[in-house]
Amino acid sequence: MHDLAVSPHTARHVSTKLAAHFVSDTPPPALVARLQKTYLDSGGRLDEMARALIAAPEAWDPAPVKFKTPYEFAISTWRAVDAEPSGIGKLAPVLTGLGQKPFSPPSPKGWADEAQTWCAPDALIKRLRFSQGFAAVVADRLDPNLLAQTALGARLTPPVAKAVARAETRREAMALLLMSPEFQRR
Amino acid sequence: MNAQMSPQVSRRSLLLQAAGLGVTVSFLGGSAFAAADGAMAKRKMVVIICRGGMDGLTVSPPVGDPDYAALRGAVAVTPDQALKLDGTFGLHPALESVHALAQKGQARIAPAIASPDRARSHFEAQDVLETGAAQVYGVNTGWLNRTLEVMGPSKVEGLSVGAIAPLILRGKVQAASWSPGKGVDETARLPTLLQDLYKADPMMGRAFARGLETEAMAQAAMTALNPAPIPASADTMAPKAMWQNAVNTTTPAPQVMAPPASGQSAPQTAQAIAGQRQAREAARKLGSTLAGFMIQDGGPRVAAISLDGWDTHAGQVGQLNTRLSYLDAVLDGLNTGLGDEWSNTVVVAATEFGRTARVNGTGGTDHGTGSTALVLGGGLKKGGIIGDWPTLKQEALFENRDVRPSLDMRGLFKGVLVEHMGVDRAALETRIFPDSADAKIVTGLV
């Protein structure tokens, strides 16, 4: 086990996984190399690797890269309106509907981490349905332009801002925001 | 909502299922209202909110105005297309039923009307239109709801059509809401708008386009299984309905996504024409079903319908053809469905603002100010246009771009409330339309 743990291949594998999860499906090689070095220098300490990740400029690129999993999408939707699901009973059916049934990953390896898995045709339609339903419930009391700014901050692009501002109704504006490429990524 | 349904409500809900629309209804079971106030007790009012900024110059094109054709260019309605009203105005050719009513003196236009809001923002302008306030964020209840309050909530029922009560009917009095599951295409715009957003995003763009195709195929397959009108069970058959309802069990989420907007400026295919005919049929049914509610004893006397899809920045001709055809069919359904009660009913179709007088570079028009409101009813007095026509001369245009409003929307609504519904004048100016003394009451409507 010890031999395995200190192997540079293990260091590379763990570094790649971490970088892919937090930064990009195709992580920058320089970042992976730095993480790998941290792993080997610290004797495989994950807390050191986490610090290295946080310190990495690549992790702070304002352009959103990672396509959100249903879980991330759902939670960020609730957060965008400063709310939270009242309980797992409220969230679980949504996640199941969006293709990520809670506690039921397809294999012991866990849920897929790449956009290809989640950005599927049917999955997007389901996200649209969810967004419409969510907007129908909460949007009428909100200022959509303000919501776009607080939810996306510096990532709010002119086309999305324009689409939201031009929407016919608050509900339409909010559904557009939730389905925008920027909100669908993190 | 279901939890609050009274037995009386369930009965009505069944009735509607039988109408084959696939709708859910919730009605506040009020006491059946005896005709204590005589003839006035039968008076009914329907407000249709056309969201997105309905283009008055297309609804009632002033084909006789010497500046109209030049300002509008390719999106102008030509004099031979327009259904003639008088020497200046016609109606859009899709408004056949409205025109037939106009010829009997049962439909009139207010061609230069606007709410007091001038910001040209949909959200703000719709708020002002629906709250009846003099400015945005002035009030957070709808004026139609406050009308119910003033008229006595136990006596007069309100009903809104759509998944969620529009602001105009929100407030202290609990109004009923009725939601057609199929047939109202309020979500048709979203896929088109999203496809625009995904143009720079090949991954999402491709996936979404595929998803829409599959969706359209599934819809077609379902239609084949269940020839129109689609029964209510079609909704529950769709697996999505099961989890979608989990989002919020008290409010039905929009359940239908119509295929991307058809009837744009592209030449109409046979399929598009068939689709439009189907939409018209659904719209007529919506109108007649609402009428069916209103003619019941103790049924709602005040109703609001919300129609989306009027924001025509591009490809306006085809889009408005579709929308106006839909609106016309809703009105036709109301008229025929109300039968004898049509003479006791006034319908107003209004929008939050009009559109620019000049056509833009994409075959559309942008957010403007004055627009047209349609006023219909069997008991209307005959008359010409409501309000003055400021003309489209350059110096007459508002801020050199829009139809100049000559009439405050609140004045029209106040006129209908006072003369037709018999609402107390003092309450009108204080509670229903606060700070509206400057919006003169339109008289002589009924």
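Up top is the structure.
Summary of the structure given here. (Residues numbered from 1 in each chain as written. Chains lettered and ligands numbered in written order. Predicted model: local features only at pLDDT ≥ 70, side-chain atom pairs only at ≥ 80, totals over all residues. Heavy atoms only, no water.)

Right, let's talk about the pattern of salt bridges for a bit. The tally for this structure, following the rule as stated, stands at 31 salt bridges over all chains. Here B:Asp201 and A:Arg185 are joined by a salt bridge, their closest N and O atoms 2.6 Å apart. Taken as a pair, B:Asp201 in the loop between helix H7 (189-197) and helix H8 (202-225) and A:Arg185 in the segment after helix H11 (170-179) lie in two separate chains rather than in one. Across the pair, exposure class does not vary: B:Asp201 and A:Arg185 are buried alike. (Salt bridge = Lys/Arg side-chain N within 4 Å of Asp/Glu carboxyl O. Helix = DSSP H or I, 4+ residues; strand = E, 2+ residues; numbered from the N terminus. Buried < 20%, exposed > 50% of the residue type's maximum accessible area, 1.4 Å probe, protein only.)

A few words now on the pairing of strand E9 (residues 345-351) of chain B. Residues and elements named next belong to chain B. Of all seven residues making up E9, seven are buried, and the element is well covered by its neighbours. Burial along E9 is two-sided: the residues Thr345, Val347, Ala349 and Thr351 and Val346, Val348 and Ala350 are all buried. One ladder, built from seven bridges, connects strand E2 (residues 44-50) with E9; its direction is parallel. From the neighbouring strand, isoleucine 49 faces E9, where its bridge partner is alanine 350. In this sheet, strand E10 (residues 371-376) lies alongside E9 in antiparallel orientation, the contact comprising three bridges. (Pairing = 2+ DSSP bridges.)

A few words on the environment of A:Lys66. Residue and element names in this part refer to chain A. Considering the arrangement of structural elements, one finds lysine 66 in the loop between helix H4 (46-55) and helix H5 (70-80). Taking the relative accessible area as the measure of exposure, lysine 66 reaches 1% and is therefore buried. A C-alpha to C-alpha distance of 8.7 Å links lysine 66 and alanine 20, two positions 46 residues apart in sequence. Setting aside its immediate chain neighbours within four residues, lysine 66 contacts Ala20, His21, Val23, Ser24, Asp25, Asp113, Gln184, Arg185 and Arg186. Here alanine 20 takes part through its backbone oxygen, which lies 2.7 Å from a polar atom of the side chain of lysine 66. (Contact = heavy atoms within 4.5 Å. Polar contact = N/O pair within 3.5 Å; in protein donor to acceptor, adjacent residues only side chain to side chain.)

Let us look at unusual backbone geometry. Residue and element names in this part refer to chain B. Positive phi outside glycine occurs at asparagine 400, with the angle close to 55°. With respect to the helices and strands, the residue asparagine 400 is situated in the loop between E10 and strand E11 (407-408). Residues other than glycine seldom take positive phi values, yet aspartate 435 does so here, at roughly 55°. Examined against the element boundaries, aspartate 435 turns out to sit in the segment after helix H14 (425-432).

Turning our eyes to something else, we now look at the interface of chain A and chain B. Contact with chain A, which involves 47 residues of that partner, is made by 44 residues of chain B. Interface of chain A and chain B: buried area, both sides summed, is about 3800 Å²; carbon and sulfur atoms make up 65% of it. At the surface where chain A touches chain B, the tally comes to three salt bridges. Among the salt bridges present, the one from A:Arg170 reaches B:Asp127, with a minimum N-O distance of 3.0 Å. Counting residues per element, the ones that place at least two in the side of chain A that touches chain B are helix H6 (88-97), helix H7 (115-118), helix H8 (121-138), helix H9 (144-152), helix H10 (158-166) and H11 of chain A. Looking at the side of chain A that touches chain B element by element, the count peaks at 12 residues for H8(A). Residue classes in the side of chain A that touches chain B are distributed as 27 nonpolar, eight polar and 12 charged. (Buried area = accessible area lost by both parts, 1.4 Å probe. Nonpolar A, V, L, I, M, F, W, Y, C, P; charged D, E, K, R; others polar.)

Let us look at the environment of B:Gly53. All names here are of chain B. With respect to the element layout, glycine 53 can be found in the loop between E2 and helix H2 (56-59). Here glycine 53 falls in the buried class, since its relative accessible area comes to 0%. Along the backbone, glycine 53 and glycine 354 are 301 residues apart, and their C-alpha atoms lie at a distance of 5.3 Å.

Let us look at the side chain of B:Thr351. Residues and elements named next belong to chain B. Considering the arrangement of structural elements, one finds threonine 351 in strand E9. Overall, the relative accessible area of 2% leaves threonine 351 in the buried class. Among the polar contacts made by the side chain of threonine 351, one reaches the main-chain carbonyl oxygen of cysteine 50 at a distance of 2.7 Å. A distance of 3.4 Å separates a polar atom in the side chain of threonine 351 from a polar atom in the side chain of glutamate 352. In this view, threonine 351 contacts Cys50, Gly53, Met54, Leu129, Ser371 and Met409; residues no more than four positions away in its chain are not counted.

Here we take up H9(A). Within H9(A), the full set of buried residues consists of A:Pro144, A:Leu147, A:Ala148 and A:Leu152. Down the axis of H9(A), the sector holding all buried residues measures 100°, keeping them to one side. Of the surrounding elements, those touching the buried residues of H9(A) are H5, H10 and H11 of chain A together with helix H5 (122-131) of chain B. Where H9(A) begins, the capping side chain belongs to A:Asp143, and its oxygen is found 3.0 Å from the backbone nitrogen of A:Asn145. Count one or two residues on from H9(A) and you reach A:Gly153, which has phi positive near 55°. (Arc of directions from axis to C-beta.)

We now examine the side chain of B:Glu352. Residue and element names in this part refer to chain B. Structurally, the position occupied by glutamate 352 is in the loop between E9 and E10. Buried glutamate 352, no salt bridge; nearest opposite-charge side chain is arginine 51, N-O distance 6.4 Å. Here glycine 52 takes part through its backbone nitrogen, which lies 3.0 Å from a polar atom of the side chain of glutamate 352. Here glycine 53 takes part through its backbone nitrogen, which lies 3.3 Å from a polar atom of the side chain of glutamate 352. Beyond its immediate chain neighbours, meaning those up to four positions away, glutamate 352 contacts Cys50, Arg51, Gly52, Gly53, Ser115, His122, Ala125, Gln126 and Leu129. (Lys, Arg positive; Asp, Glu negative; His and termini not counted.)

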